[in-house]
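# Fold and contact review
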Amino acid sequence: MSAPRPDPDAQLAEAAERFGTPAYVYFADRIADRIERLTTDFGRWFSLSFAVKSNPNAALLAWLAPRIAHLDVSSGGEFARGVAAGWDPARASFTGPAKRADELEAAIAGGLGELVIESLREAELAAAIAARLGRVQDVLVRIAPDRVPKGFGDQMAGRPSPFGIDIEVAGDALAQIARLPGLRIRGLHIYSGTQCLKPEAIAENWRIFMSIFRDLCTARDLTPARLVFGSGLGIPYHPGDVALDTGEVAAGIAADLDAFKAEPRFRDTELVLELGRHLVGEAGYFLTRVVSVKESRGSRIAICDGGMNAHLAASGHFGMVLRRAYTMHRVGGGNTEPEKVDISGPLCTSIDKLGTGVMLPRLEEGDLIAIHASGAYGPSASPVRFISHPEPREVWVDGAGMRDVTA
Ligand SMILES: Cc1ncc(COP(=O)(O)O)c(C=O)c1O
């Protein structure tokens, strides 16, 4: 039997005490659990690729290196971070709609595994760079589908998009890319939407991917080494959200994936699930401390040391259609009846709010609030330099204890 896990509230309070606030706290055991769960549910078909954009923390990248197969970077900077954290560059893919010549050159020269081609312009530029370096660069071609099922919180398909090559012109584009010396097409890539909590919508989206992959590979007579499924797997952010049951996704798609994998063309193809938030999001908390409490015209406002500057996503300004507070709780301090409170950050702007009318036990100066589901799109997706407040610390908690891993 494994040892009981320590009380997370005691650990959150200790992290705030030792390292200060605002702070992000990441629990390694929760990421390990998530990897195990994804492997149980999808390991028969898929390997995993971590999208660095969701959390580029160096300690996290180093921890993940021996635990999952691939890393997806979206800039030269993320590529450098991955390699510095111990990743073999051959296990990295490089997505992104506006790759510059200098970062393409650094990645190709640095031994990048697969370049994800998002346009013909990029293919031609990369081919010229690879030829100049005397290399043949493996590439995946990113396809922009024309539809995504309902249920994705953020969707990119079926509308004008800077991402990937539109499915309508993909056949011709693949033929042109195949003719470029310096590049070798190894497979295809699709990422068309995310933050989906509906198993059937995810399964349907993957069916769309399989149909696109099958049609294009047949038309081009391509036997792909790799096909990337941008996963779309969501996480519960708000009170009342129902967590995604990946077992149900697997049950709903098993027959389709088995049949796909049985086709001679795909028998030796590695299918990859590319994801960020579902892997690390729920393993992280954001800690913010109440600096001041104000009663104003009938509302009680807790004004905290970290708000949208430290956690833009929780303030509702990061791709959220309806602004709703993230699930949060007051750390420790006994149980008083929950009451309505507005949570503000330290900035001199009225949009710096982490919640309006949130129900929490009475908050006083010095209290600590923990915002859940904060392990992805945290510090690196926040305007941390706005108004020059202290930037959030990042704390890593594992079996060896806790340490400051701000980077
Ligand atoms: C190409 C690509 N892959 C993966 C991801 C990660 O998405 P998520 O964190 O929702 O899994 C993104 C997010 O924007 C993306 O653009």
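Residues numbered from 1 in each chain as written. Predicted model: local features only at pLDDT ≥ 70, side-chain atom pairs only at ≥ 80, totals over all residues. Heavy atoms only, no water.

## Describing the overall build of the protein chain
Short version of the rule: By definition, any uninterrupted DSSP run of H or I lasting at least four residues is a helix, any uninterrupted run of E lasting at least two residues is a strand, and each is numbered from the N terminus. With the radius of gyration taken over C-alpha atoms, the globule rule is written as 2.2 Å times the number of residues to the power 0.38. Only protein chains enter the area calculation, which uses a 1.4 Å probe; residues under 20% of their type maximum are buried, those over 50% are exposed, and those in between are partly exposed. Whether two residues touch is decided by their heavy atoms; if any such pair falls within 4.5 Å, the residues are in contact. All accessibility values rest on the Shrake-Rupley procedure with a 1.4 Å probe; residue burial counts only the protein chains present in the view. We score Asp and Glu as negative and Lys and Arg as positive, and we do not count His or the chain ends. For the purpose of locating charges, the reference atoms are NZ of Lys, CZ of Arg, CG of Asp and CD of Glu.
From N to C terminus, the protein chain includes 10 helices and 20 strands. Its C-alpha atoms give the protein chain a radius of gyration of 22 Å, within 12% of the compact-globule value 22 Å for 407 residues. Dimensions along the principal axes, computed over C-alpha positions, put the protein chain at roughly 65 × 45 × 45 Å. In the protein chain, which comprises 407 residues, the share counted as buried stands at 53%. In the protein chain, of all internal contacts separated by at least 6 residues, the share reaching a separation of at least 24 is 72%. Summed over its atoms, the accessible surface of the protein chain is roughly 17,300 Å², and 53% of this surface lies on carbon and sulfur atoms. Where the 44 positive side-chain charges of the protein chain centre and where its 51 negative ones centre are 2 Å apart.

## With respect to the packing of aromatic side chains
Our working rule: The aromatic pairing rule takes the rings of Phe, Tyr and Trp, using the six-membered ring of Trp, and pairs them if the centres are within 6.5 Å, calling planes under 30 degrees apart stacked, those over 60 edge-to-face and the rest tilted. Should the NZ of a Lys or the CZ of an Arg lie within 6 Å of a ring centre and within 35 degrees of the ring normal, that charge is described as sitting over the ring.
Applying the stated rule across the entire model yields 15 aromatic pairs. Each residue in the set Phe-42, Phe-46, Trp-206, Phe-209, Phe-213 and Phe-229 is aromatic and connected to the rest through ring pairs, giving one cluster. Positioned above the aromatic ring of Trp-63, the side-chain terminus of Arg-67 is 4.0 Å from the ring centre. One cation-aromatic arrangement involves Lys-99 over Phe-94; the distance from NZ or CZ to the ring centre is 5.4 Å.

## A look at the site of the ligand
Counted only if it meets this: It suffices for a single heavy atom of a residue to lie within 4 Å of a molecule or strand for the residue to be listed as near it. What qualifies as a polar contact is a pair of N or O atoms within 3.5 Å, subject to a donor-acceptor requirement within protein and to the restriction that residues adjacent in sequence count only when both atoms come from side chains. Residue type decides the class: Asp, Glu, Lys and Arg count as charged, Ala, Val, Leu, Ile, Met, Phe, Trp, Tyr, Cys and Pro as nonpolar, and the leftover types, Gly among them, as polar.
Around the ligand lies a shell formed by Ala-51, Lys-53, Arg-142, Tyr-191, Thr-194, Glu-274, Leu-275, Gly-276, Arg-277 and Tyr-377. Within the contact set of the ligand, an oxygen atom lies 3.0 Å away from a side-chain nitrogen or oxygen of Tyr-191. Within the backbone of Gly-276, a nitrogen or oxygen atom sits 2.8 Å from an oxygen atom of the ligand. Contact with the protein chains removes 91% of the 400 Å² of surface that the ligand exposes when unbound. Residues of the shell around the ligand, tallied by class, amount to four nonpolar, two polar and four charged.

## Looking at the side chain of Ser-382
Considering the arrangement of structural elements, one finds Ser-382 in the loop between strand S18 (368-371) and strand S19 (393-398). Of the polar contacts made by the side chain of Ser-382, one reaches the backbone nitrogen of Leu-312; its length is 3.0 Å. For Ser-382, the side chain forms a polar contact with the main-chain oxygen of Gly-378, separated by 2.8 Å.

## With respect to the packing of helix H2 (residues 28-42) against helix H9 (residues 246-262)
Put simply, the test is: Axis angles are defined between N-to-C directions and span 0 to 180 degrees, where every axis is a line fitted to C-alpha atoms and, for a helix, only to the segment in contact. The labels follow the angle: roughly parallel below 35 degrees, roughly antiparallel above 145, roughly perpendicular from 65 to 115, and oblique for the rest. Definitions for this section: a left-handed crossing has its near helix turned counterclockwise from the far helix by less than a right angle. A right-handed crossing has that turn clockwise.
Where H2 meets H9, the axes come as close as 9 Å, and the angle between the chain directions of the two elements is 15°. Considering the angle they form, H2 stands roughly parallel to H9. With respect to the hand of their crossing, H2 and H9 are arranged in right-handed fashion. Here Arg-37, Leu-38, Asp-41 and Phe-42 of H2 come into contact with H9, specifically with Thr-246, Gly-247, Val-249 and Ala-250. Among the residues forming the contact of H2 with H9, the class breakdown is four nonpolar, two polar and two charged.

## Concerning the nonpolar core
Counted only if it meets this: Put simply, buried Ala, Val, Leu, Ile, Met, Phe, Trp, Tyr and Cys residues joined by side-chain atoms within 4.5 Å make one nonpolar core. A domain assignment, automatic or from a database, supplies the domain bounds used here.
Counting 108 residues, the largest nonpolar core has Phe-42, Trp-206, Phe-229 and Ile-343 as the members making the most contacts within it. With 11 residues, helix H8 (residues 199-220) is the largest single contributor of residues to this core. When we break this core down by domain, the ones giving at least three residues each are domain 1 (95-275) and domain 2 (282-404). Other than its neighbours up to four places away in sequence, Phe-229 contacts Phe-46, Ile-190, Trp-206, Phe-209, Met-210, Phe-213, Leu-271, Val-272, Leu-273 and Glu-274. Core analysis: the next-biggest nonpolar cluster, separate from the first, contains 14 residues, Ala-15, Phe-27, Leu-287 and Val-397 among them.

## A word on the domain arrangement of the protein chain
How we decide: Two parts placed together each lose some accessible area under a 1.4 Å probe, and adding up what both lose gives the buried area. Within this document, salt bridges are pairs made up of a side-chain nitrogen of Lys or Arg and a carboxyl oxygen of Asp or Glu, the two lying within 4 Å of each other.
Domain annotation of the protein chain identifies domain 1 (95-275) and domain 2 (282-404). Computed over C-alpha atoms, the centres of domain 1 and domain 2 are 35 Å apart. Summed over the three residues of domain 1 that lose the most area to domain 2, namely Ile-235, Tyr-237 and His-238, the buried surface amounts to 67% of that side. Summed over the shared surface of domain 1 and domain 2, the result is one salt bridge. Counting across the domain 1 and domain 2 interface gives three residue pairs in polar contact (both at pLDDT 80 or more).

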